[in-house]
Structure formats: C-alpha cells, structure tokens
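Residues per chain are reported as follows:
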Amino acid sequence: MSTEKKNFIAVKFDRVEIQEIEKQGNINFADLGLPSGRKWALRNVGAESEEDCGFLMDFDTANAIQFEDGWHLPTKEDFIELDENCAHKWIVNNGVPGILFTSIHNGNSIFLPAAGYSWFDNDEYGATRNGRGSLGVYWSSSYYSATYAYYLYFDSSEVDPQDNDDRRYGFTVRAVQ
C-alpha cells in the first residue's frame, strides 16, 4: 500500500478546511451480487467509518483521485444498477441518517450517509453546506455536459440514480471496483 499523498482540494464534512486526500487503497467492500459483478466500498472517500460522511468535493477533484487495485468512481450506469438491484430504505445508522441499499440477490447491504452538499466557487470555497442529515448526493464519473455531471441523489422519500447538476457542487464520493 502506498503512503504517497496527492494534493486535491476537498472539504471534511464537519468543518471547512482544505485537506489532502491520501491515495485510496485497501478498501473494504460489499459484494451485492450485481449483474455486472461490481463491488461497492463500505465507506466514503475520506471517511473513517461507514457512518462518517467523508469528504465533500467538486466533480473534477473527485475524478482526479488515484485509486488502487481497479477501484474508481461509479458511473451513472453503476448507480442505475445499484438502484434496480437493491431495495432501499431510509434509516438512522448509529445516529446518522442515510439510505441502506440491500441487494435483492444476496441480502448484502451498504449504507450511504446523508451528507448533504456544498457549493464550491472562487469567493466562498466550500462555505455553503446544505442538507446535512436530510439528503445525500454522490458523484459519478459520468459527464452530462461540459459543465454538468451525473450523481446519485436520495432523501427520505426518493432515490434518483441519474440526476445531474453543476460540477462545482461539493458532493460525497463512494468507490466501486
């Protein structure tokens, strides 16, 4: 496992500050029995536990992360596959609201915390955070247009695996293999 660090800009969920994201290796995962064989990481990039929201980052930063061993950001199609092959339920896991995706194939599950989002621009970098505990937005690696990208959106009443918005928003990231 490499200890090399790359300089990326991200915001830790609980406080506004610039941090470095370590090269992502040794990722614990869940096999949800998906048709593609895709494995899902058990925690977000920058998270210390399943319930920790990890880093909020813009789309370009998310896509610059260097993962190891074939891990990468999910595509829009990965989010659609997750939605179509898992039951989802809004829960509170150890005090953290979020959504539990449970495989309809093997019963394995992953929890995605409702980390909310941040707006990233030049004047107030990461200063605006919204939706903590009430919604989750997770970047995909898929572009919608030159300035927009796809992401997974969820709240207590809906899941949208192919929503899209401005790439400057700060969303959370969950890796797949």
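Above this text sits the structure in question.
Read on for an overview of the structure. Being a predicted model, the structure only gives us computed values, none of them experimental.

Regular strands place side chains that alternate from one sheet face to the opposite one. For strand β9 (residues 109-113), the buried fraction is high: 4 of the 5 residues fall into the buried class. Two elements, strand β8 (residues 96-103) and β9, share 5 bridges in a ladder whose sense is antiparallel. Directly across from glycine 98, in β9, lies its bridge partner proline 113. Between β8 and β9, which follow one another and run antiparallel, lie 5 residues, and glycine 107 among them has a positive phi close to 80°.

Within the secondary structure layout, asparagine 93 lies in strand β7 (residues 86-93). On the basis of relative accessibility, which here comes to 17%, the residue asparagine 93 falls in the buried class. A polar contact of 3.3 Å, which involves the side chain of asparagine 93, links it to the side chain of glutamate 51. Leave out the neighbours within four places in its chain, and asparagine 93 touches Glu50, Glu51 and Phe111.

What follows is about the sheet that holds strand β13 (residues 148-155). Across the sheet, 3 strands lie side by side as β12-β13-β14; this open sheet has antiparallel pairing. Edge strands, defined here as strands with exactly one partner in the open sheet, are β12 (135-143) and β14 (159-166). Direction aside, neighbouring strands of the sheet carry axes that sit 35° apart on average. In the sheet, β13 pairs with β14 via 6 bridges, with the strands oriented antiparallel. The residue bridging phenylalanine 154 from the neighbouring strand is valine 159, located in β14.

Cut-offs and rules
Residues numbered from 1 in each chain as written. Predicted model: local features only at pLDDT ≥ 70, side-chain atom pairs only at ≥ 80, totals over all residues. Heavy atoms only, no water. Buried < 20%, exposed > 50% of the residue type's maximum accessible area, 1.4 Å probe, protein only. Helix = DSSP H or I, 4+ residues; strand = E, 2+ residues; numbered from the N terminus. Pairing = 2+ DSSP bridges. Polar contact = N/O pair within 3.5 Å; in protein donor to acceptor, adjacent residues only side chain to side chain. Contact = heavy atoms within 4.5 Å. Axes fitted to C-alpha atoms, helices over the stretch in contact; angles between N-to-C directions.

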